[in-house]
Amino acid sequence: MSTSSRYPFTAIVGQDDLRLALLLNAVSPAVGGVLVRGEKGTAKSTAVRALAALLPPVRTVEGCRFSCDPAAPDPGCPDGPHPADGPGGERAARMVELPVGASEDRLVGALDIERALAEGVKAFEPGLLADAHRGILYVDEVNLLHDHLIDLLLDAAAMGASYVEREGVSVRHAARFLLVGTMNPEEGELRPQLLDRFGLTVEVAASREPDQRVEVVRRRLAFEDDPAAFAGRWSGEEAGLRERVAAARALLPRVRLGDGALRRIAAVCAAFEVDGMRGDLVMARTATALAAWAGRTEVAVEDVRQAALLALPHRRRRNPFDAPGLDEEKLDEVLRDAAADDPEDEPPTPPEGQAPEEPGGGDDDGPGPDGGGGGRPDPGDGAGDGSGGLPPQRTEDSGAPAPEDAPEALTGAEPGESGGGTPRPASAEQQAVAAGEPFRTKVLSVPGLGAGAAGRRSRARTEHGRTTGATRPEGALTKLHLTATVRAAAPHQRARGRSGRGLVVRRDDLRQATREGREGNLVLFVVDASGSMAARRRMGAVKGAVLSLLLDAYQRRDKVGLVTFRGREAEVALPPTSSVDAAAARLQALPTGGRTPLAAGLLKAHDVLRVERLRDATRRPLLVVVTDGRATGGPEPVALAGRAARLHGAEATASVVVDCETGPVRLGLAGELARELRGTAVTLDELRAEALTGLVKDVTDHHRARRAA
């Protein structure tokens, strides 16, 4: 992408935290990258792509595919060895994008196994990690990337090198880059272990201030009308910011991180119960980069505070339902206590020839490129504190309020009985009951062998796992089965004129390894929210069980969906998604009341599964129906429910009915429903971890018996 066709970094309106985090990584790549979380349409990708133009040019060895520095070439470079101070050229820093659907070979590189076996040659085709060396690696929707690829990516970022090994053939090359990932939390979360590997995280949201939104639209339309002219109008600010990044990089080695600052960092991490030591290290590097960005040679208290706000929020999550964030009042209290324990605070020392600068402040004299608002405003007058030294915006600061951390309460949106089924609260509606305490569940697996997206639940054919056999490759070879390949080539050695010790291998001899691992499934909950379920103890237990299964689905990388039925109709409370925290929020806010349209709930679930099969035919579903089995409302409600259940049974959908019927006299309707579904049933009293363990076994055994019959 040419410079003139790239939106200027300095023309971005607002998003102070995002711009600051990116600039700090440009100053000090050792900070460890940035994870940008936020809703769609908030300039996440625009800011990342614009950052590449601010990085200094890169000198490389001529002809080296791995961008070795002529002054210090990598001794292990696959294209080497390179002579020290050899000929070199200069190019702009690259911004390389990793697509969500990329393969492992596309990321780390590919070895030509045929040449390695036949000729003993390490024929290596570099991947995206090699392309991004000494530049930026950008992963949009990083939360949708498979965990295995994220692990490879973060390992390379941490070690500064990439290792590729295939059947005993190994290649290593340098891979130092600025890692930036963006994600929409509504599409699913990253595991806490992966969150911790990103240095900084920022939350972004669109401004709710009309003036600022107007400015965003005005600039974007002007850019689309004439990208070159728009970029030209911002070229001065771009050059100034580029010079400031270079100056901060040069100053960084001279910044002093004193014992007082280190004690504050340790006190903050201890007070917020941050696991491990990575948070302390990232805070120290970030505070040092903040001081260099502000033009100071010593880390100040405000640098430590700003570093905590960027480096710690995502390290405090204990389970997927915890929202990332940091209590700023507690942070200030911890810093005050640490200062009281260390009274000898020396003022920061500016470099020679430069006046001291306020921490987090910028040059307020004259027009600058960047806008305020959209970030974290100062609790007082909104100036300075959260900007980390970013220059002020050309136009007047709009003072946009900070986005709220919590989602809106989901109340009054469930369908009632009156008004022809329109979603209005009914007079019989009961207040939402809090879920019971969640508990650990064992695996709920779908029987048989699937071929869906890699996960941790049911058996499936996957790219990673134990080797179970070999087959001829369809397309490019990805996982060589060495023994099968040798067996295929061995009978033809005399005919191929083999004379030495090496094996003569042709492409037709290569065999692909077939592997068995685990897949993620679609767990669709169908929950009865009618008046018969309104008892607090009953509904609280049901919600607690479903919440426990949601936690398990998060850990096993499943998609989840939620269908509820009450009154006169059923509703898809949550379409299938990877965001289990969204499902938990809908479940907590679920009210009860009205009649029991069981057939409508089952038919709605059938429609959801039908659409999902069209979208992703390989992801197998598990249907969990939570009801007492009663069906009321309309003509022949029980017969209609039976016919709806048989639709699922005919499609061999793995099903479980959780029987919520209580009392001394029980009709056994849930058991009859399970038979129509060709599934299994358990009672409400059995909704415990031990009972759910038995339930898993029952589901599997039941389907095996059906197949054997």
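Residues numbered from 1 in each chain as written. Predicted model: local features only at pLDDT ≥ 70, side-chain atom pairs only at ≥ 80, totals over all residues. Heavy atoms only, no water.

Of regular secondary structure, the chain possesses 21 helices and 20 strands. Taking all 709 residues of the chain together, 50% fall into the buried category. Sequence-distant contacts, at least 24 apart, represent 79% of the contacts inside the chain between residues at least 6 apart. Accessible surface for the chain amounts to roughly 32,300 Å². Of this, 50% is attributable to carbon and sulfur atoms. (Helix = DSSP H or I, 4+ residues; strand = E, 2+ residues; numbered from the N terminus. Buried < 20%, exposed > 50% of the residue type's maximum accessible area, 1.4 Å probe, protein only. Contact = heavy atoms within 4.5 Å. Areas by Shrake-Rupley, 256 points an atom, 1.4 Å probe, with all protein chains shown as cover.)

With that settled, consider the confidence of the model for the chain. The predicted model of the chain averages 78 in pLDDT, with 77% of residues at 70 or higher. When the criterion is pLDDT under 50, residues 356-386 qualifies, and its contacts beyond four places in sequence or with other chains add up to 82 contacts. (pLDDT = per-residue confidence, 0-100.)

On the surface, Val216, Val217 and Leu221 cluster together into a nonpolar patch covering about 240 Å² of accessible area. Relative to the elements of secondary structure, valine 217 occurs in helix α8 (residues 210-225). (Patch = residues over 30% accessible without salt bridge, like charges linked within 9 Å, V, L, I, M, F, W, Y side chains within 5 Å. Salt bridge = Lys/Arg side-chain N within 4 Å of Asp/Glu carboxyl O.)

Between the first and last C-alpha of helix α10 (residues 235-251) there are 24 Å, a value that for 17 residues agrees with the 24 Å anticipated at 1.5 Å per step. Residues of α10 that are buried include every one of Glu237, Glu238, Leu241, Val245, Ala248 and Leu251, and no others. For α10, the angular spread of buried residues about the axis comes to 150 degrees, placing them on one side. Facing away from the buried side of α10 by over 90 degrees, the exposed positions are Glu243 and Ala250. On the buried face of α10, the contacting elements are α1 (16-27), α9 (227-233) and α12 (278-293). (Expected span 1.5 Å × (residues − 1). Arc of directions from axis to C-beta.)

For the rest of this paragraph, the subject is the sheet that holds strand β13 (residues 466-471). Strand order in this open sheet of three strands is β12-β14-β13, and the pairing throughout is antiparallel. In this open sheet, the two strands that pair with only one neighbour each are β12 (454-462) and β13. Neighbour to neighbour, the strand axes of the sheet diverge by 30 degrees on average, direction disregarded. As paired strands, β13 and strand β14 (residues 512-519) are joined by five bridges and run antiparallel to one another. Bridged to glycine 469 within β14 is threonine 514. (Pairing = 2+ DSSP bridges. Axes fitted to C-alpha atoms, helices over the stretch in contact; angles between N-to-C directions.)

The next thing to look at is the nonpolar core. Membership of the largest hydrophobic core comes to 67 residues, with the highest contact counts inside it found for Phe9, Leu22, Leu51, Val268, Met283 and Trp293. For this core, the element with the highest residue contribution is α12, accounting for nine residues. Val96, Val108, Ala130 and Val142 belong to the second largest nonpolar core, which has 36 residues in total. (Core = buried A, V, L, I, M, F, W, Y, C linked by side-chain atoms within 4.5 Å.)

Overall, parallel pairing links the five strands, which are arranged β4-β7-β10-β1-β11 in an open sheet. Each end of this open sheet is capped by a strand with a single partner; those strands are β4 (95-97) and β11 (200-204). Adjacent strand axes in the sheet meet at a mean angle of 20 degrees, parallel and antiparallel pairs treated alike. When β4 meets strand β7 (residues 136-140), the two strands line up parallel, connected through three bridges. Paired with methionine 95 across the two strands is isoleucine 136, which belongs to β7.

A cluster of acidic residues, Asp327, Glu329, Glu333, Asp337 and Asp341, forms a negative patch on the protein surface. Inspection of the secondary structure assignment puts aspartate 341 in helix α14 (residues 328-341). The class of aspartate 341 is exposed, set by a relative accessible area of 68%. (Lys, Arg positive; Asp, Glu negative; His and termini not counted. Charge placed at Lys NZ, Arg CZ, Asp CG, Glu CD.)

Enumeration over the complete set of coordinates arrives at 29 salt bridges. Arginine 457 serves as the salt-bridge partner of aspartate 558, at 2.4 Å between the closest nitrogen and oxygen. One end of the pair, aspartate 558, is in the loop between α16 (536-555) and β16 (559-566); the other, arginine 457, is in strand β12, and 101 residues separate them in sequence. Considered together, aspartate 558 and arginine 457 belong to a single accessibility category, that of buried residues. Connected via shared salt-bridge partners are Asp196, Arg278 and Arg315.

Quick look at the state of the cysteines now. Inspection of the entire model under this criterion finds zero disulfides. Of all cysteine sulfurs in the structure, the one in cysteine 77 sits closest to cysteine 68, which takes part in no disulfide; the separation is 3.6 Å. Look at cysteine 68 and you get buried, because its relative accessible area is 4%. (Disulfide = S-S within 2.5 Å.)

This part covers the pairing of β16. Here β16 lies mainly inside the structure; eight of its eight residues are buried. Where burial is concerned, the two faces of β16 agree: the one with Lys559, Gly561, Val563 and Phe565 and the one with Val560, Leu562, Thr564 and Arg566 are both buried. Note that strand β15 (residues 522-528) and β16 share seven bridges and pair parallel. Looking at β16, one finds that phenylalanine 525 is bridged to leucine 562. Between β16 and the antiparallel strand that follows it, strand β17 (residues 569-577), lie two residues; glycine 567 among them carries a positive phi value of about 70 degrees.

The subject of this paragraph is helix α11 (residues 259-271). Between its first and last C-alpha, α11 extends 18 Å over 13 residues, near the 18 Å set by a 1.5 Å rise per residue. Along α11, the residues that are buried comprise Gly260, Ala261, Arg264, Ile265, Val268 and Cys269. Summarising the contacts, the buried residues of α11 are in contact with α12, α13 (301-311) and α14. Looking one or two residues past α11, glutamate 273 carries a phi angle of roughly 55 degrees, positive in sign.

The next point concerns the packing of α13 against α14. Put simply, α13 and α14 touch, their axes get as near as 11 Å, and they point 145 degrees apart. Where α13 crosses over α14, the two elements pack in a sense that is right-handed. Across from Val304, Arg305, Ala308 and Leu309 in α13, the residues of α14 making contact are Glu328, Leu331, Asp332 and Leu335. Of the residues contributing to the contact of α13 with α14, the split by class is five nonpolar, no polar and three charged. (Left-handed = near helix turned anticlockwise from the far one by under 90°. Nonpolar A, V, L, I, M, F, W, Y, C, P; charged D, E, K, R; others polar.)

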